[in-house]
Structure formats: structure tokens, C-alpha cells
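Examination of the molecular architecture
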Amino acid sequence: MTEAILLVGGRGTRLRPLTVHTPKPMVRAAGVPFLTHQLARARAAGVDHIVLATSYLAEVFEPYFGDGTALGLHIEYVTEEEPLGTGGAIRNVAGRLHSGPDDPVLVFNGDILTGLDIGALVDTHESTGADVSLHLTQVTDPRAYGLVPTDDTGRVLAFLEKPQTPEEIVTDQINAGAYVFRRSVIDTIPAGRPVSVERETFPDLLSAGAHLQGMVDSTYWLDLGTPAAFVRGSADLVLGRVPSPAVPGRCGDRLVLPTARVAPDAKLTGGTVVGEGALVARGAQVFGSTILPGAVIEPGAVITDSMIGTRARVGERSVLSGTVIGDGAVIGADNELREGARVWCDARIPAGAVRFSSDQ
């Protein structure tokens, strides 16, 4: 296995305002852009050539990763002029691959945090002679996902849309967003138009009699599509619950990046990250949260399961839980923001303007 495609073109609308100025794969998780973790894990599995299929804010990727030398990789970039969907994006970069027709090519969605054994997926693909192999994971409630039932040998039987009734839930296995394609199969995807691998490519291959193989690996899997999930994923990386060679420090309760300043009596726990140049002032408490570079947490603030944007400021004694603060926003003193609140980039909330409890 030497080649991989990473699909990093999505607009990340469910993550806004985190993705107003930053493409979703470049939002920081455990101190580095999330994409860094995917690249590092692919390299550790033996991949040395990766093509990034970019679209939204495509100009951000190459200045950061360059040709990939720092990660021991050869990285190329292909930008879609118009959104092409997952299948269209894979087909659009095919010309940059060097593999032969029967060689395996890894494909990853750019918003999945997983402990997948990449080598085992490749071994499964090669030992079964599959045309496409899929990483499947088991979830407690599969209603929000497409189901992928398999037979006793792991061969895929069908691709079922999100079930609407209990009778339609025939399996707890879902598509986990990592695949191994036989190189020649990529060339069969229609070029120049939007294509979904989930809704078009895979069902069509199955109808044509192709061999699609599923491998269940449920060690750790998280779709980072929402702010709450992204914050949780970052914390899990710091805590060591999911392995990544790209975490810039030792795993533990906290990760404080160089040039960050943390007051001696400030409390940081639960996989909290404090980015470069950020300040956590005296008496502040931060639990399971990400403080992005240059942000300021003023004295006595309490922040739980939240993300504080680049150069944002949280005022004295403000209490935030399950909240996203956009880049450059200012939250005045004595505010309370609860689960699901999103404050847009550069917004200003005056002192004591938002509360869920008495001001006494």
C-alpha cells in the first residue's frame, strides 16, 4: 500500500462558525489541524503518496503542508472547480495516482476520527480479492446512518438508506468512511459530474456483481461533523483514547502548546488544549475544551466542552458550556452561554447580556 486519497473538499456547514475562515479538515484538534492526524496515521500504515481532493478554501492546504516532506509523505493537491460529491472527487484525482489497475488505493473521508487498523483493512481487501473494501463500524442507534448488511464472510449484501422504522433496522453496521479501491474501479466512476459513492457508486457496483467486502472495526469512531463532536474528538486525542502520532505532546488531562500562558491556579482537565499564544488567567477553569491560538480566558471564567476561536476573548466570571465562540469574538464579563450556543466571528456580547440564572 503506497497511495491514498483524502476527501477534504466539504464546506463544513454544520461546524460553522468554526469553518467560516478555516476548512473543516484544518480546524485544530489536539493542537494541530485535524488533517494532520489523518496524514500521520496513513504514513504510519505505510502510505507514502497522498492526493488531497480539495474544494472549499482550497488555498489553505498547500501553504501549511507543502509537498508533505515534513510528514514523510509526497502530497499532491487537486481542486474541484465545482463540488463533485465523494465519488466525483475520487474520480477527479485519478490522474495523479501511480498505481497499476489491480493495486489497492486507500480513500478516507476528511472528517472521521477513527482508531481503524488500516493495515488490517488492506489485508482484508487483498485476501478476499475484493473490488472495494469498506470499513464498517457498529453503532447503538443506526437511524441517522446508511446501513451496510453483510453475509457471514463479510461480503456486502446491500446499501440501505437511513431506516425510518424498527423493521428497517436489519443491522447495526454502518459505512465508516474509509475504503480500499481496486485502482481500475476508480476509473469506472463517471467523470466531470457530481457522484456519491454511498448512493450511486457502491449500489451500482453491487448491482453489477462486483465484490464489495466489509470489515467491522469498532475500536473508536467519531464523525466530527458537529461542534460538540469536534470538541469531544480533540479531547479524546489528548486523553489518549484514540491513537495519533501527530499529537504534539504527551497524552493526559491537558495539552498546553508552546507560548501559551496558564496561570498557576487555573484548572485545566478533561483533555483541554490551550493553543499557541493563548492566555488562561487566574482562577479560570477549563474542562474538556479547546482554546485556539491567541484566545484569552479572563479571570474566573468557567468553560466546559466548548471551543474558543482564534483571538477570541471570554470575560471574567463568564460560564460557557457546550458553546462555540468564533474567531475574534468577545464575550463580556458575567455572561452564561449553554449547550448549542454559537457566537459568530468578531461578534461582541456586552457584559452580563446573556444569562440563564438570576444575576444574584
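For every chain, the first residue of its written sequence is number 1, and the numbers climb from 1 along that sequence. Reporting of local features is limited, given that this is a predicted model, to residues whose pLDDT is at least 70; pairs of side-chain atoms are given and counted only at 80 or more, and all residues count toward the totals for whole chains, interfaces and linings. The side-chain figures draw on all heavy atoms in the structure; neither hydrogens nor water molecules are used.

1. Here we look at the side chain of Thr 171
The following threshold applies: Secondary structure elements are taken from DSSP: a helix is a run of H or I of four residues or more, a strand is a run of E of two residues or more, and numbering for both begins at the N terminus. Note on exposure labels: buried denotes an accessible area under 20% of the residue type's maximum, exposed denotes more than 50%, and partly exposed covers the range between, all computed with a 1.4 Å probe on protein chains only. Any two residues whose heavy atoms approach within 4.5 Å are treated as being in contact.
Tracing the chain through its elements places Thr 171 in the loop between β8 (132-138) and β9 (173-182). Residue classification places Thr 171 among the buried residues on the basis of a relative accessible area of 13%. Each residue touching Thr 171, except ones within four places of it in the same chain, is listed here: Pro 142, Leu 147, Val 148 and Pro 149.

2. Let's talk about the environment of Glu 316
Quick reminder of the rule: For this analysis, a polar contact is any N or O atom pair within 3.5 Å, provided that within protein one partner can donate a hydrogen and the other can accept it, and provided that sequence-adjacent residues contribute only side-chain to side-chain pairs.
Turning to its location among the elements, Glu 316 is positioned in the loop between β22 (313-314) and β23 (319-321). Judged by relative accessible area, which is 30%, Glu 316 ranks as partly exposed. Spatially, the C-alpha atom of Glu 316 lies 19 Å from that of Glu 339, the residues being 23 residues apart in sequence. Engagement of the side chain of Glu 316 in a polar contact is seen with the side chain of Arg 317, the distance being 3.4 Å.

3. Quick notes on the pairing of strand β6 (residues 104-109)
As a reminder of what qualifies: A pair of strands counts as paired when DSSP detects no fewer than two bridges linking them.
Among the six residues of β6, six are classified as buried, and the element is accordingly described as predominantly covered. As defined by bridge partners, strand β1 (residues 3-7) adjoins β6 across four bridges and the pair is classed as parallel. The residue of β6 that forms the bridge with Ala 4 is Leu 106. Where β6 and β9 come together, five bridges link them in antiparallel fashion.

4. Some points on the sheet that holds strand β4 (residues 49-54)
Two modes of strand pairing occur in sheets, parallel and antiparallel, and in both the strands are linked by backbone hydrogen bonds. Note the cut-off: Between N-to-C directions, angles cover 0 to 180 degrees, with each direction set by a line fitted to C-alpha atoms, over the stretch in contact for helices.
On the basis of which strands lie adjacent, the open sheet formed by seven strands has the order β5-β4-β1-β6-β9-β8-β10 and mixed pairing. Taken across any chain shown, the strands that pair with only one partner, and hence form the sheet edges, are β5 (74-79) and β10 (212-216). Sheet twist, expressed as the mean angle between neighbouring strand axes with direction ignored, is 25°. Relative to β4, β1 is paired through five bridges, and the arrangement is parallel.

5. With respect to helix α6 (residues 197-207)
Our working rule: For this quantity, the arc is that covered by the directions from the helix axis to the C-beta atoms.
Looking only at α6, the buried set comprises Val 197, Thr 201, Phe 202 and Leu 205. Projected onto a plane normal to the axis of α6, the buried residues spread over an arc of 85° and lie on a single side. Exposed residues pointing more than 90 degrees away from the buried face of α6 are listed as Arg 199 and Ser 207. Against the buried residues of α6 lie α3 (85-92), β8, β9, α5 (183-186) and β10. Gly 209 sits one or two residues past α6 and shows a positive phi near 90°.

6. Some details on the packing of aromatic side chains
Heads up, the condition is: Geometry of aromatic contacts follows a simple scheme: Phe, Tyr and Trp rings, the Trp one being its six-membered ring, pair when their centres are within 6.5 Å, and the pair is stacked under 30 degrees between planes, edge-to-face over 60, tilted otherwise.
Taken as a whole and assessed by the stated rule, the structure comprises seven aromatic pairs. On the basis of an interplanar angle of 70° and a centroid distance of 6.3 Å, the ring pair of Phe 34 and Phe 230 is categorised as edge-to-face. Of this pair, Phe 34 sits in helix α1 (residues 34-44) while Phe 230 sits in helix α7 (residues 227-239), and the two are 196 residues apart along the sequence. For Phe 34, a relative accessible area of 1% translates into the label buried. Between Tyr 64 and Phe 65 the ring centres are 4.8 Å apart and the planes differ by 70°, which places this aromatic pair in the edge-to-face class. In this structure Phe 65 comes out as buried when scored by relative accessible area, which is 9%.

7. Thoughts on the nonpolar core
Formally: Here, nonpolar core means buried Ala, Val, Leu, Ile, Met, Phe, Trp, Tyr and Cys residues that are tied together by side-chain atoms lying within 4.5 Å of each other.
Membership of the largest hydrophobic core comes to 29 residues, with the highest contact counts inside it found for Ile 5, Ile 90, Val 132, Leu 134, Phe 181, Phe 202 and Leu 212. Among the elements of the structure, β1, β4, α3, β6, β8, β9, α5 and α6 are those that each provide at least two residues to this core.

8. Observations regarding the UniProt feature "domain: Mannose-1-phosphate guanyltransferase C-terminal" (unreviewed entry) in the chain
The condition is simple: UniProt positions are given in the numbering used here, feature names are shortened, and annotations may be inferred rather than shown by experiment.
According to UniProt, the feature "domain: Mannose-1-phosphate guanyltransferase C-terminal" (unreviewed entry) maps to residues 252-332 in the numbering used here. Measuring from the first to the last C-alpha atom of residues 252-332 gives 31 Å, for a span that is 0% helix and 42% strand.

9. Focus: the domain arrangement of the chain
The cut-off we apply is this: As used throughout, domain bounds are those supplied by an automatic or database domain assignment. The term buried area means the drop in 1.4 Å probe accessible area that two parts suffer when joined, counted for both and summed. The term salt bridge refers to a side-chain nitrogen of Lys or Arg lying within 4 Å of a carboxyl oxygen of Asp or Glu. Note that Gly is not counted as nonpolar here; it falls among the polar residues with everything else outside the nonpolar set of Ala, Val, Leu, Ile, Met, Phe, Trp, Tyr, Cys and Pro and the charged set of Asp, Glu, Lys and Arg.
What the domain assignment reports for the chain is domain 1 (2-226) and domain 2 (253-349). The distance between the C-alpha centroids of domain 1 and domain 2 comes to 33 Å. Every contact between the two is made by eleven residues of domain 1 and, on the other side, 14 residues of domain 2. It is Pro 17, Leu 18 and Arg 28 that lose the most area in domain 1 upon contact with domain 2, and together they represent 53% of the buried surface on that side. Linking domain 1 with domain 2 are one salt bridge. Across the pair Arg 28 and Glu 276 runs a salt bridge, and its minimum N-O distance is 2.9 Å. Between the two partners, domain 1 and domain 2, sit three residue pairs in polar contact (both at pLDDT 80 or more). Split by residue class, the side of domain 1 that touches domain 2 holds six nonpolar, two polar and three charged.

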